[in-house]
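# Structure assessment
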Amino acid sequence: MITQETLRQDPSLITLLTGLPAETFWQLVQDAEREYPAYEHQRWERPGRQRAVGGGRKFDLPLVIRIAMLLTYLRLHILQALVAKLFGGTQSDVSRDLRRLLPLLKQLLPVPEVWQVVETPQELTERDKLVLSDLADGQALVDATEQQVYRSKDSLSRKAHYSGKKKMFTLKTQFVTDGEHHIKVVSSAVAGAKNDKKLSDETQTVERLPDGCKGKADKGYQGLNKQVSLVTVVNVETGEQHQVPRLIMETPFKKPKGGELTEEQVKFNRQLNSIRVRVEHCIGWVKNWKIISTRFRCAHQIYDLVMQVVCGLVNWQTQRWQIAKALVAT
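What you see is a predicted model; the values in this text were computed from it and never measured.

Rules and cut-offs
Residues numbered from 1 in each chain as written. Predicted model: local features only at pLDDT ≥ 70, side-chain atom pairs only at ≥ 80, totals over all residues. Heavy atoms only, no water. 1 Å grid on protein atoms, 1.4 Å probe; cavity = no way out; pocket = protein on both sides within 12 Å on 5 of 7 lines; lining within 4 Å. Points joined across faces, edges and corners; volume = space filled by probe spheres on them. Helix = DSSP H or I, 4+ residues; strand = E, 2+ residues; numbered from the N terminus. Nonpolar A, V, L, I, M, F, W, Y, C, P; charged D, E, K, R; others polar. Contact = heavy atoms within 4.5 Å. Salt bridge = Lys/Arg side-chain N within 4 Å of Asp/Glu carboxyl O. Phe/Tyr/Trp six-rings, centres within 6.5 Å; stacked < 30°, edge-to-face > 60°. Buried < 20%, exposed > 50% of the residue type's maximum accessible area, 1.4 Å probe, protein only. Lys NZ or Arg CZ within 6 Å of the ring centre and 35° of its normal. Pairing = 2+ DSSP bridges. Core = buried A, V, L, I, M, F, W, Y, C linked by side-chain atoms within 4.5 Å.

## Some words on the layout of surface pockets
Computed from the structure, the second largest pocket encloses a volume of approximately 170 Å³. Around the second largest pocket, the lining residues are Gly 19, Leu 20, Arg 75, Trp 285, Asn 288, Trp 289, Leu 313, Val 314, Gln 317, Thr 318 and Trp 321. Of the residues forming the lining of the second largest pocket, the biggest block, five residues, is contributed by helix 13 (residues 303–329). Residue classes in the lining of the second largest pocket are distributed as six nonpolar, four polar and one charged.

## Considering the environment of Phe 175
Secondary-structure assignment places Phe 175 in strand 4 (residues 168–177). Put simply, Phe 175 and Lys 165 are ten residues apart on the chain and 18 Å apart in space, counted from C-alpha to C-alpha. Among all residues touching Phe 175, those that are not within four sequence positions of it are Leu 141, Val 142, Asp 143, Thr 145, Ile 183, Val 185, Val 186, Val 279, Ile 283, Val 286, Met 307 and Cys 311.

## Brief notes about the pattern of salt bridges
Summed over all chains, the structure comprises 14 salt bridges. A salt bridge links Arg 34 to Asp 31, with the nearest nitrogen and oxygen atoms 3.1 Å apart. Of this pair, Arg 34 and Asp 31 are both found in helix 3 (residues 22–44), three residues apart, which corresponds to roughly one turn of the helix. One salt bridge in this structure joins Arg 34 and Glu 35, with 3.2 Å as the shortest N-O distance. If you follow the salt bridges from partner to partner, you end up with Asp 31, Arg 34 and Glu 35 in one network.

## A word on the packing of aromatic side chains
Under the definition given, this model contains six aromatic pairs. Considering the side-chain rings of Phe 253 and Phe 268, the 5.3 Å spacing of their centres and the 65° angle between planes classify their relative orientation as edge-to-face. One end of the pair, Phe 253, is in the loop between strand 10 (248–250) and helix 11 (263–286); the other, Phe 268, is in helix 11, with 15 residues separating them in the sequence. Judged by relative accessible area, which is 24%, Phe 268 ranks as partly exposed. The ring of Trp 26 is capped by Arg 8, whose NZ or CZ atom sits 3.5 Å from the centre of that ring. Arg 320 extends its terminal NZ or CZ atom over the ring of Trp 316, reaching a point 5.7 Å from the ring centre.

## Examining the pairing of strand 5 (residues 183–187)
When you tally the buried positions in strand 5, you get four out of five residues, the bulk of the element. Across three bridges, strand 1 (residues 113–115) lies against strand 5 in parallel orientation. Pairing of Glu 113 across the sheet is with Val 185, part of strand 5. Sheet topology places strand 4 next to strand 5; three bridges connect them, and they run antiparallel. Bridged to Val 176 within strand 5 is Val 185. Hairpin connection between strand 4 and strand 5: a loop of five residues separates the two successive antiparallel strands, and His 181 in this loop has a positive phi of roughly 70°.

## A short note on the nonpolar core
Residues Leu 7, Phe 25, Leu 71, Leu 74, Phe 175, Val 286 and Val 306 are the most contacted members of the largest nonpolar core, which totals 63 residues. Those residues in contact with Phe 25, other than ones at most four positions away along the chain, are Leu 7, Ile 14, Val 64, Ile 67, Ala 68 and Leu 71. Counting 17 residues, the second-largest nonpolar core is a separate cluster that includes Leu 130, Val 142, Val 185 and Leu 209.

Okay, here's the thing in structure tokens:
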């Protein structure tokens, strides 16, 4: 059975189970222990709770083991009962902590925003939009990913979740990153039959991007550039007014039916994809956490929370290696 002493004595075990360096793991534990009392008190006082503050069954495992157990489950996505056996808990401990500790980790990590899907466009406020300073290099890279889920017993749900592209039942999530590998936004998950462009429209992606940014997406997002609104700019020297797009939105050229791309179009696509691939790097790092890359076995209601926390872990690791790389360069 793995205990706190075991993790202290063998730091490599932490990396094998969670994918995190030992020092990163212990920093997360330290942050969690600092915030945990206030977090628990808030949970006890939540609306609708029937027990008195402090009432209910006490946790059998210390917080450090609960966090290690949860991270192991997220990283390996093996059976909850097997993860519990490793740490001396029960399957119910793992299941409960998915709902009790994920919100705490969300508070501690640089998690991305979640853009909700709406069927009809809504008036956006400034709080609903990204800020140009949030994008490290002024670029917004857009892409979507799918994850397999169980086949529903309901025929309408089966049809909605069946992805013709993946030939399986899936959930789809859209990512927006900058060109420096920071995951800034994820969409709420939708049934996999919805295509990428439709998901982008329903999250009002173009409308939420900041003025002056450079947006890039793959061939599945053809037409996004036509959704960019115009703004009026004034030439300070002549006083003339011009209508210009408020941001740049680029997608690759598609080969015409029965034809070929020009040399300039091929060059443009190659340059665009050399930058756009960075959002795919981020998605790949997220999928190193097997709960995102293997068939999702938990309730769909917690999917967005799981995705946020995993993206937060990836962002945290990205920040750490970028800082380390900058220190080496200096």
